Every structure is written in structure tokens, then in C-alpha cells.
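# Descriptive structure summary
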Amino acid sequence: MIGLISATAAGAAARDRLAAAWPDRTRVYDGPVADAVRRAFAECEQLVCFLATGAVVRIVAPLLADKASDPGVVCVDEAGRFAVSLAGGHGGGANALAREVGEVLGAEPVVTTATDAVDLPGLDTLGLPVEGDVAAVSRALLDGEPVALRAEVAWPLPPLPVASEGAYTIRVTDRLVEAAEREVVLRPPSLVVGVGASSGVPAEEVLELVGSALREAGLSARSLAALTTVDAKAEEPGVVEAARRLGVPLVTYPAGELSGVEVPNPSDAPLAAVGTPSVAEASALLRGGELLVPKRKSQRADGTPAMATCAVVRRPGRGRLAVVGLGPGARDLLTPRARAELRRAAVLVGLDQYVDQIRDLLRPGTRVLESGLGAEEERARTAVEEARKGQAVALIGSGDAGVYAMASPALAEASDDIDVIGVPGVTAALAAAAILGAPLGHDHVSISLSDLHTPWEVIERRVRAAAEADIVVTFYNPRSRGRDWQLPKALAILAEHRAPGTPVGVVRNASRPDESSRLTTLGALDPATVDMMTVVTVGNTATRDIAGRMVTPRGYRWQTAQEGAR
């Protein structure tokens, strides 16, 4: 919850705007300002104070205890010009909150944390438990001193300016080790503990068993990702409570799936009880990995039979492939999600001219793999290969990456051994439509006229079907120097079903500095004026030129009745 505190009418107005934008995230604190800040500090994860920074400093200073647990505090000035990350920039999320507040209120976020100021990801913001001398290693990164990365477990990380050797170290491990001097230890969630349990097992017995298994194997509980078990134990109170106290999800699987997993220690007891010869080992191994601790039983002080078993598996770090649509070209049409994925990626793969569009958004240390036109399949393979190495990869394409772009070849290469995230973008058809008016107001279809990979017979059949169905058509890749007959042929097919006066919109380089557009007709369009940078939108029989704008009515009954009454 975010506590909101203000002292003046101007502050209250901005406060109320934020509360209206985030009704489920915010709580307004009234009353004397100092008391309101103290109450919010005690009750909320974050605060936004519409007060002077000096006043807030004096109030919260005695309350600050630890940057890992203190709330994040953001101050907004009376005029709403600045959102200042005051305290808890990383641990309390104040840096990110300042940026969010800035977007809502139109304020400039002010972030003075050193790593953020020079565009480096903070070691305590990577989403992994962190131990050791974060300040010293972060300072070394900032000063350009060599910092070595020791990845005992491969895990996708954002770009960091690391070296093979250095006086400072970032160590990625799930082993139970103490951070050395000048070292930071990052704990990836690589360990899965499978649990078998008898009915009525106490949570304490499960916790003691899991804890001892990890300790004796030299593994850190901070790298625990999940407890796993059979579906029949999904609501076993002791198992559910153990997962809750460990702070990890409880993942369950059907007995039928578990019975198909080959394990070193099958048993007749679970087979008779829940229908599978293994629960602990099988549930931990079901999604793959290395068995580090074979099945072991709990030890009860009173000598009665054990009620719990467990096994520990290390799952390999899954690479992350984000397929990112950059939009039609204008920077303000690049979505916030796309921007975030570009900054998260340690490896960027893309067409050279698209890389040039967003190179300035990449964090220092991002490895860029770029190639020219015609290498789409090679780029897709490269991106997937890098993700399989455990990297965080962004594969970029123009418009929406799933529309005539890189998502299809990439997903054709990818298997279920990596995580794939699709990031939508504004397509060329949508960008062109916004310029033309509202040509896509009813059913519409996009068709590429490039026959480099699709036989013309297939393209022609699709154009003819759209023509017969009276659907608005947007042509991608309409004409190039080596393909100059396809667009005239497609227009001729449409002309068999549509009048010469049917509106046609032609947009070149939509949203870019040299953008141009014109509204013409099916009979008047000269295909020679069109090239590969152009999108051609042909209306249906209802499309009209209204005040110089291309409009396709939505075609609802109420519109028809309204037009008839005029």
C-alpha cells in the first residue's frame, strides 16, 4: 500500500489525482502532517508526500532503521513539477515509484542513487536475494574498476560491466557460502524441494527436514524456488504451512505424471497411498534438473515412523527471450514495456537499422548482435541460442514483432527450455490508419504482397477472398524495384468487386520524420508511386472520404437507422 500525505490545497489536489489513478494501491492519510507521515511510515510499503523534502527528512529521520526494510519515500513539490526519490530508492522501490508518479502527474522524476544516475542496474534491484558488500562492489562498478562475474549457476541477468578477473566479485551461486571481502553473492531461485508427507504431518517436521537437507548438502535456503508434491497433498495443512513459512509456492502434480518419472528410490508405500511410486524425487525432477539430495526421511525424536520425505533438485537457469515490437519508428510510439525489456536485456539481436533506432536506450554493457536485411532466420536462431545459454535476450522487430516480423521465426526455433515473452508494438497498419482517419472501423485484413517466401498463387487467393468478402485490406510490402507487378494485380482483383471511387489511403514512413500520406481512390492510384516503405489501405464498399479523412462505418444497426432518419 502507498500512503499519500499532503498539507496544502495544491498538494491535496495532486494527491487526489494520484489516488484516483491508483485506487487499489493508495491510502490517504489526513490529520496533522507529522502524525500522518508517522502512521503511513508504520503501515505502508511506500509513501508519497506532497511536502517539502526538508520537512519530510526531519519527520522520517528518527524512523529509519534499515534500507532493506524501510518504506520507500517520494516527495512531490507543491507545483507538481518534481517527484523526488528521497529514501529507500532500491530496497523500498522509491526510484521506480518516483518514475511512476512522474508519469501520472506529469512531474520530472528525480533519482540520485548512483547506479541509476549512470544507468547501471543496482545489485539489490535484480530480483535476487543479495548478500555481501553491495556498496563496495557497486562503487567499483561505478568507478570502472574490474569486477569479476563468477556464475556457478547460469542465470539471466541484465547487462553488467563485468570482467573475467577483478579485485571485486559478483558471485551467482545457490551454495551455502559466506560472501568474501569485496564480494557480492546473488542467490538465484534454482533449488526445488520435493516433499512427500503422511496425513497430519506437522509443518515443523517438514521445515526441519527441508532445512537439514539443504544445510547438509551445503545449499542456501535463499535459493529455494518452490516446494513440490503430489496433487493429493495440495491441501495438506502441514505442507501448505511449510511452504508459506519458507516464502515459496507449493506446486503440485497429478500422480499419473509423477509415476512416469524415473527415480533412484521408488517405493511401494506412496504407490499404495497416492498412486505413484515416488512423490518427493519425482515431483522435484518432473520439470528436469540435477538430483542433489536423494529422498530422505524426517527423524522424529520419539522414534515413531517418519511422516515426511524430501529430495532436492537444482534446475538449470532458464534463459529469457523477449520478442520486442519497436512500433513504426517514432520514439513516443515505443511502449513502456518494450523500453523496459530493452533495458533488461544483456544481449540484443536485431536488424542493424532497427538497432540504430534504440541503441541509446540500452544499458552500458549490453552485447549487440546485429545483421542486415535478409538474415531474419539467422537472427531468430542466434537469439534462441543465446537464450539457451541462460542469457536475458531481446529480439527486436519493427511494428509488432508478431506481424510480418521476428516472432514467428523465433518461436519456430524455440522449445520449452527457455522462457519467451512477447512484447506488443504499434503495427504499421495501425499507425497508417491513425494518420488516414478511421479506415479500419469494421472488419479488415492485412496481406503482404511479397512473394519471396509465399507463392503468388496463395497471395492471390487471399486477396480474392478479401475482395469477395468486402473486407478493408491493408497491403504490406506492396512494391519494390524487383517486384513491381504484384500491387497492380492485387488492385485489379479488388476492382472486380469495388467501385473506382473506393477510397484508398497511402502512407509512407508512418510516424517517422519524413512521413507522408495521401487519400486517393482505387481507380486513381498509381502503383508506381508506392514502395516498400509504404502501407496501402483499400476501403470496402462502405468506406467514405469524410472531410478528407478515410472512414469505414462500424456498420451497426443503430447507425443504419440513424442514417435513415436523416
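See the structure shown above.
Definitions and cut-offs
- Residues numbered from 1 in each chain as written.
- Predicted model: local features only at pLDDT ≥ 70, side-chain atom pairs only at ≥ 80, totals over all residues.
- Heavy atoms only, no water.
- Phe/Tyr/Trp six-rings, centres within 6.5 Å; stacked < 30°, edge-to-face > 60°.
- Helix = DSSP H or I, 4+ residues; strand = E, 2+ residues; numbered from the N terminus.
- Buried < 20%, exposed > 50% of the residue type's maximum accessible area, 1.4 Å probe, protein only.
- Lys NZ or Arg CZ within 6 Å of the ring centre and 35° of its normal.
- Salt bridge = Lys/Arg side-chain N within 4 Å of Asp/Glu carboxyl O.
- Pairing = 2+ DSSP bridges.
- Right-handed = clockwise from strand over helix to strand, strands pointing away.
- Expected span 1.5 Å × (residues − 1).
- Arc of directions from axis to C-beta.
- Contact = heavy atoms within 4.5 Å.

Turning to the packing of aromatic side chains, a few remarks are in order. Tallying each qualifying case throughout the model produces two aromatic pairs. When the ring of Tyr404 is compared with that of Tyr476, the centres are 4.7 Å apart and the planes differ by 50°; the resulting orientation is tilted. With Tyr404 in the loop between β19 (392-397) and α15 (407-413) and Tyr476 in strand β23 (residues 472-476), this pair connects stretches of sequence that are 72 residues apart. What makes Tyr404 partly exposed here is its relative accessible area of 43%. Residue classification places Tyr476 among the buried positions, given a relative accessible area of 10%. Taken together, a centroid distance of 5.0 Å and an interplanar angle of 70° make the contact between Trp456 and Trp485 edge-to-face. Placement of Trp456 in helix α17 (residues 456-468) and of Trp485 in the loop between β23 and α18 (486-495) is noted, with a sequence separation of 29 residues between them. For the cation-ring pair, Arg25 lies above Trp22, with the distance from its terminal atom to the ring centre recorded as 4.3 Å.

Attention now moves to the pattern of salt bridges. A side chain with one charge can pair with a side chain of the opposite charge if their charged atoms come near. Scanning all chains against the criterion turns up 34 salt bridges. Here Glu208 ties to Arg215 by a salt bridge, and the two come within 3.7 Å at their closest N and O atoms. Residue classification places Glu208 among the partly exposed residues on the basis of a relative accessible area of 48%. Notably, a salt bridge pairs Lys389 with Glu386, separated by 3.3 Å at the nearest N-O pair. The class for Glu386 is buried, based on a relative accessible area of 6%. What emerges from the salt-bridge pattern is a single network uniting Glu152, Arg171, Arg175 and Glu183.

Pairing of strand β22 (residues 444-448) with β23 involves five bridges; the strand directions are parallel. Paired with Ser446 across the bridge in β23 is Thr474. Handedness of the crossover is the feature at issue here: the chain leaves β22, passes through α17, returns alongside β23, and the resulting connection is right-handed.

Let us look at α17. Over its 13 residues, α17 runs 18 Å from end to end, which matches the ideal 18 Å to within 8%, given 1.5 Å per residue. Trp456, Ile459, Glu460, Val463, Ala466 and Ala467 are the residues of α17 that are buried. Buried residues along α17 cover an arc of 125° about the axis, so they all sit on one side. Exposed side chains of α17 directed beyond 90 degrees from the buried face belong to Glu457, Arg461, Arg462 and Glu468. Packed against the buried residues of α17 are β22, β23 and α18. Phi turns positive, to about 60°, at Asp470, one or two residues after α17.

Mapped onto the elements of the fold, Gln486 is located in helix α18. Exposure remark for Gln486: the relative accessible area of 1% places this residue in the buried category. Residues Gln486 and Thr8, 478 residues apart in the sequence, show an inter-C-alpha distance of 66 Å.

On to helix α2 (residues 33-43), then. Listed as buried for α2 are Ala36, Val37, Ala40 and Phe41. Looking straight down α2, one finds its buried side chains confined to an arc of 130°; they lie on one side. Residues of α2 that are buried sit in contact with β1 (2-6), β3 (46-50), α3 (53-60) and β4 (72-76).

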